[in-house]
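Given next are the chains, with one letter for each unit.
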Amino acid sequence: MPLVTTRRGGLVDQVIDQLRSAISTGEWPVGHRIPPEAELATTLEVGRNTVREAVRALAHGGLLEVRQGDGTYVRATSELSGALRTLCGQELREVLEVRRTLEVDAARKAAVRRTDEDLAMLHEALAARNETVGLVNRIAARGETPDSDLLDRAVHADTEFHAAVVRAAGNDLLTELYRGVVEAVSGSVATTMHDTAGTDADVGHDELVAAIEARDVDRAAREAGDFLDRFIDGAS
């Protein structure tokens, strides 16, 4: 963990900066339980009250969530993401509409701005997504129920694919906005995947990546939006 001994003066602010850095760099990912207060105080060579104040400030900003009797968990990667997580509802139609707004614009921008590195990232994310989601669909098509671990991995892979498209748009604020609603996005992916698993309604994303690779802006936007439109209509 990249925490170092703090300097004299402004100890709370220094601890806040170090904890925020551990979160924003992914050292402590979303959902991760951070070290207990006593351990952090020892690592940073500050008092427990200083750590407590820093944690309280980050919790107020939406980055951390203090669960009494359980520990403190990373809730978001920035104050902006934390605010968006608070504001974003869980009603399926609303989440799908927000996804459409962000993902269609991201697909347009990605088709224009994508780099070779972005394209490699998209192909890697697509392959991971197709492997796990394809397995879920094959199991469901046999009339069997995929186990929860496989479903979780499929949902994560699908969500990561869409996040990769957003990153390829080359707009840091758009990426941060999407990151702020990713839990709601993941929930919508889980719901729609459950509804379509093993049926002809399952959605692939190979054509979306092909459109971005070809720098076909209109086709990329269409591929990003059409499948969400069908889900939105179904959620009405």
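*Asks:* Provide a residue-level description of the overall build of the chain, including the pertinent values.
*Replies:* Each helix and strand counted, the chain has 11 helices and 2 strands in total. In sequence order, the secondary structure elements of the chain are arranged as α-α-α-β-β-α-α-α-α-α-α-α-α. Here the chain holds 236 residues, and 43% of them are scored as buried. Across the chain, every contact between residues at least 6 apart in sequence was considered, and the portion connecting residues at least 24 apart equals 71%. Entry remark: accessible area of the chain is about 12200 Å², with carbon and sulfur atoms responsible for 49%.

*Asks:* Could you give an account of the packing of aromatic side chains, with specific residues and numbers?
*Replies:* Per the counting criterion, the structure on display carries 1 aromatic pair. Ring geometry for Phe227 versus Phe231: centroids 6.0 Å apart, planes at 90°, classification edge-to-face. Here Phe227 and its partner Phe231 are both found in helix H11 (residues 217-235), 4 residues apart, which amounts to about one turn of the helix. Each member of the pair Phe227 and Phe231 is classed as buried. Positioned above the aromatic ring of Tyr73, the side-chain terminus of Arg67 is 3.9 Å from the ring centre.

*Asks:* Tell me about the pattern of salt bridges, residues and numbers included.
*Replies:* Taken as a whole and assessed by the stated rule, the structure comprises 16 salt bridges. Between Arg52 and Glu37 there is a salt bridge whose closest N-O contact spans 2.6 Å. Separated by 15 residues along the polypeptide, Arg52 in helix H3 (residues 48-60) and Glu37 in helix H2 (residues 37-44) bring together distant segments of the chain. On the accessibility criterion, Arg52 (33% relative accessible area) is partly exposed.

*Asks:* Describe helix H7 (residues 148-168), and please don't skip the residues or the numbers.
*Replies:* In this model, H7 (21 residues) spans 30 Å end to end at C-alpha, consistent with the 30 Å of a helix rising 1.5 Å per residue. Capping the start of H7, Asp147 holds a side-chain oxygen 3.1 Å from the backbone nitrogen of Asp149, two or three residues further along. After H7 finishes, the residue Gly170 shows a positive phi value of roughly 70°.

*Asks:* Let's hear about the environment of Gly234: which residues, and what values?
*Replies:* Inspection of the secondary structure puts Gly234 in helix H11. On the basis of relative accessible area, Gly234 is assigned to the exposed category, the value being 67%. Considered as a pair, Gly234 and Thr192 are 42 residues apart in the sequence and their alpha carbons are 9.8 Å apart.

*Asks:* Explain unusual backbone geometry to me, and be specific about the residues and the numbers.
*Replies:* If you check the backbone angles, Glu45 has positive phi at about 55° while not being a glycine. Here Glu45 shows up in the loop between H2 and H3. For Glu45, a relative accessible area of 58% translates into the label exposed. Unusually for a residue other than glycine, Arg215 sits at a positive phi of about 60°. Within the secondary structure layout, Arg215 lies in the loop between helix H10 (206-213) and H11. Residue Arg215 is classed as partly exposed on the basis of its relative accessible area, which comes to 41%.

*Asks:* Explain the packing of helix H5 (residues 92-113) against H7 to me, using residue names and the numbers behind them.
*Replies:* It is at 7 Å that the axes of H5 and H7 come closest, and there the two elements cross at 55°. In this view, H5 runs oblique relative to H7, as classed from their interaxial angle. Note on packing geometry: the crossing formed by H5 with H7 is left-handed. Contacts between H5 and H7 involve Arg99, Glu103, Ala106, Ala107, Ala110 and Arg113 on the former and, on the latter, His162, Val165, Val166 and Ala168. Within the contact of H5 with H7, the residues separate by chemical class into 6 nonpolar, 1 polar and 3 charged.

Cut-offs used in this document
Residues numbered from 1 in each chain as written. Predicted model: local features only at pLDDT ≥ 70, side-chain atom pairs only at ≥ 80, totals over all residues. Heavy atoms only, no water. Helix = DSSP H or I, 4+ residues; strand = E, 2+ residues; numbered from the N terminus. Buried < 20%, exposed > 50% of the residue type's maximum accessible area, 1.4 Å probe, protein only. Contact = heavy atoms within 4.5 Å. Areas by Shrake-Rupley, 256 points an atom, 1.4 Å probe, with all protein chains shown as cover. Phe/Tyr/Trp six-rings, centres within 6.5 Å; stacked < 30°, edge-to-face > 60°. Lys NZ or Arg CZ within 6 Å of the ring centre and 35° of its normal. Salt bridge = Lys/Arg side-chain N within 4 Å of Asp/Glu carboxyl O. Expected span 1.5 Å × (residues − 1). Polar contact = N/O pair within 3.5 Å; in protein donor to acceptor, adjacent residues only side chain to side chain. Axes fitted to C-alpha atoms, helices over the stretch in contact; angles between N-to-C directions. Parallel < 35°, antiparallel > 145°, perpendicular 65-115°, else oblique. Left-handed = near helix turned anticlockwise from the far one by under 90°. Nonpolar A, V, L, I, M, F, W, Y, C, P; charged D, E, K, R; others polar.

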